[in-house]
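Structural characterization, general
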Amino acid sequence: MSIEIRHIGKRFGDYVALENIDLHIPTGELVALLGPSGCGKTTLLRIIAGMESADCGQVLFAGEEATHLPARERNVGFVFQHYALFRHMTVFENVAFGLRVKPRKMRPAEHEIRRRVDDLLKLVQLDWLADRYPSQLSGGQRQRIALARALAVEPRVLLLDEPFGALDTKVRKELRRWLRRLHDEMHISSVFVTHDQEEALEVADRVVVMNQGKIEQIGSPDEVYSNPASPFVYRFLGNVNVFHSRLHGAWAEVDRDSPSVDAGEAIAFVRPHDIDIERRAVAGGLEAIIQEVQVIGPRVRVELSHDAELIEVELSRERANILSLAKGQQVWIKTRKLHVFSSPLVAMEEEGSGI
Amino acid sequence: MSARATRRATGEPLWLRALLMVIGLGFLLLFLGVPLLAVFVEAFAAGWPAYRDALSDGETRSAIALTVLIALVVLPFNVVFGVAAAWAIAKFDFRGKSLLITLIDLPFAVSPVVVGLVFLLLFGAQGLFGPWLAAHEIKVVFALPAMILVTLFITCPFIARELIPLMQVQGKDEEEAALSLGAGAWQMFFRVTLPNIKWGLLYGVILANARAMGEFGAVSVVSGHIRGETNTLPLHVEILYNEYNAVGAFAAASVLALLALVTLAAKTIVEWRMRHETQRLTASDLPPEKG
């Protein structure tokens, strides 16, 4: 089922949580709401679920008005960051809850409930835990039960609020992939909230980057990463080097294809892995001194200084070995790819940015 | 080396620990144990038949019945008010929330005698509603209604105070989950909220009950001490004692003391259950992560 958000706004007292949000989520898509804490992503999710009411604007489900529909009538599955399993019920009863509270006429028979719960527990591969209580499960297991519980009522939309936020890295990665598979099997629309850019880029079909109650960019994971629409998106999706305009001149060679920006007002954003290091002077290269070389797993992080500016570069291990870099060396750096924003835009953001 | 460190960590020397224990236990024995024992000794001073006669006395029986009646009327109101107030405070944000929390504690802060007087001033013959009540021939003061009202006032914080912290800790995630799964408001309350707070609620009920049955000051002011009619057990004890009927007074008091002991036992059991439950909630025997 498609979800349509129109001009949604929400305030908490003087605090603007959401401002004029427009978003269309087509059927079958897995969408990530990505942003720093306090950007309004969870509020937006709760408004879609009907747990929070918007001050203005509309929510439409499959083209039908749903703005004032109570949560229980929306037929959405909601998964909480801290699972929110019913602590006094067994795993089985947790999953069966949505079926048991249906009005008598629509309630399935007991054997039908049993069959469906068993099926769901098999789907999340935890049928062997049916008689346990939530407190006896690990975090990853709890979250899978929470998912099974949400799916029991055959929701038209699945909403997940930082579903893996409370889990450790390994379990998190596993569950991500599992969620992706599950979503593809269920043919429903899913929206999940996260502040973890890696998670959003890995799992989602589309990423909605939010900041300070507004949408900064909507696009495929590749789009938002490769073509960030704003300095904020650039910064939020990974590390970045920021070069001010006086360096810009030295890189004329590299940046010849963005003539729209006046050199005086431009600020260039370059990702650490889009910079290469050469031991010899190269055309359009920038002179720099190595300050620090750090090996982090498969990557090597090099910190260089150019005048007063610090530049971070990320190389593969092989490349670093070939170069055999050492502290204090003079090298030349060259960008493979950079992005230029006008400096007023950047200055505006730096004033009130959440990061 | 390490043994010495351990001894250091436990701190105080033996004699000091012994002294503290003697002071603590001695105090308990002197001020709680001895009086409690005295109640039963005095009650049985003239033997079992005298004790039985004292309790089967008509006025004592009606005092017991009245005490039970007041508790039975007051407790359901307390449960409703306590759950509603705790719910409002723990799960909603609204203006005047801190005022409500302060007001809930008011009955603890006000002397029971003052509470009694306030109700006299409101419902007494010269009181605010006095003339109107008299005109409609409704008797409040020196009758059961006023006794129920003051007992309600005195006991209303117990359940709410017990539930507020409990519900605040539990948050509203589970309730929201229930709603998103299609549960109605009542289904949510009876299937999710109530099971989560049941032990806290029971604990509050036990405390409120003990206070309702034991209340003296406020009830004394509004009861009028009409024997066989508006005498509760605590009031009856005083009357009997003032008439130098020691066996009667202590026999009646022993019923109250017995009630206190039952309350204590019930409280201990509920506390144990609550702890047991929270332990189960944080159990560490996690099954392995699989699949």
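This structure is a prediction, so every number in the text was calculated from the model and none was measured.

A word on the overall build of chain A
Per the secondary structure count, chain A includes eleven helices and 18 strands. Residues counted as buried form 52% of the 355 residues belonging to chain A. Contacts in chain A between residues far apart in sequence, at least 24 positions, make up 68% of those at least 6 positions apart. Here chain A displays about 15,900 Å² of accessible surface, and carbon together with sulfur accounts for 47% of that area.

Section: the side chain of Asp274 of chain A
Residues and elements named next belong to chain A. Of note, Asp274 is situated in the loop between β12 (266-270) and β13 (275-278). Despite its burial, Asp274 pairs with no opposite charge; the closest candidate is Arg336, at 4.8 Å N-O. Filtering out sequence-adjacent residues up to four positions away, Asp274 remains in contact with Lys334, Thr335, Arg336 and Lys337.

Some points on the pattern of salt bridges
Summed over all chains, the structure comprises 28 salt bridges over all chains. Between Arg87 of chain A and Glu174 of chain B there is a salt bridge, with the nearest N and O atoms lying 2.7 Å from each other. Of this pair, Arg87 of chain A sits in the loop between β6 (76-79) and α2 (91-100) while Glu174 of chain B sits in helix α11 (residues 173-180), on two different chains. For Glu174 of chain B, a relative accessible area of 5% translates into the label buried. Across the pair Glu110 of chain A and Arg100 of chain A runs a salt bridge whose closest N-O atoms are separated by 2.9 Å.

Details of the nonpolar core
Residue and element names in this part refer to chain A. By size, the foremost hydrophobic cluster in this structure holds 59 residues, and its most contacted members are Phe97 and Leu159. With near-sequence residues (within four places) excluded, Leu159 lies in contact with Leu45, Ile48, Ala49, Val76, Gly77, Phe78, Val79 and Val191. Within the second largest apolar cluster, 48 residues are counted, among which are Leu34, Ile113, Ala150 and Trp178.

Considering the domain arrangement of chain B
Residue and element names in this part refer to chain B. Looking at chain B, the domain boundaries give domain 1 (13-43) and domain 2 (47-290). Here the C-alpha centre of domain 2 lies 29 Å away from the C-alpha centre of domain 1. Between domain 1 and domain 2, the contact holds five residues from the first and nine residues from the second. Taken together, the connections running from domain 1 to domain 2 amount to zero residue pairs in polar contact (both at pLDDT 80 or more). Its residues placed into classes, the side of domain 1 that touches domain 2 shows four nonpolar, no polar and one charged.

Thresholds, definitions, all that
Residues numbered from 1 in each chain as written. Chains lettered and ligands numbered in written order. Predicted model: local features only at pLDDT ≥ 70, side-chain atom pairs only at ≥ 80, totals over all residues. Heavy atoms only, no water. Helix = DSSP H or I, 4+ residues; strand = E, 2+ residues; numbered from the N terminus. Buried < 20%, exposed > 50% of the residue type's maximum accessible area, 1.4 Å probe, protein only. Contact = heavy atoms within 4.5 Å. Areas by Shrake-Rupley, 256 points an atom, 1.4 Å probe, with all protein chains shown as cover. Lys, Arg positive; Asp, Glu negative; His and termini not counted. Salt bridge = Lys/Arg side-chain N within 4 Å of Asp/Glu carboxyl O. Core = buried A, V, L, I, M, F, W, Y, C linked by side-chain atoms within 4.5 Å. Domains from an automatic or database assignment. Polar contact = N/O pair within 3.5 Å; in protein donor to acceptor, adjacent residues only side chain to side chain. Nonpolar A, V, L, I, M, F, W, Y, C, P; charged D, E, K, R; others polar.

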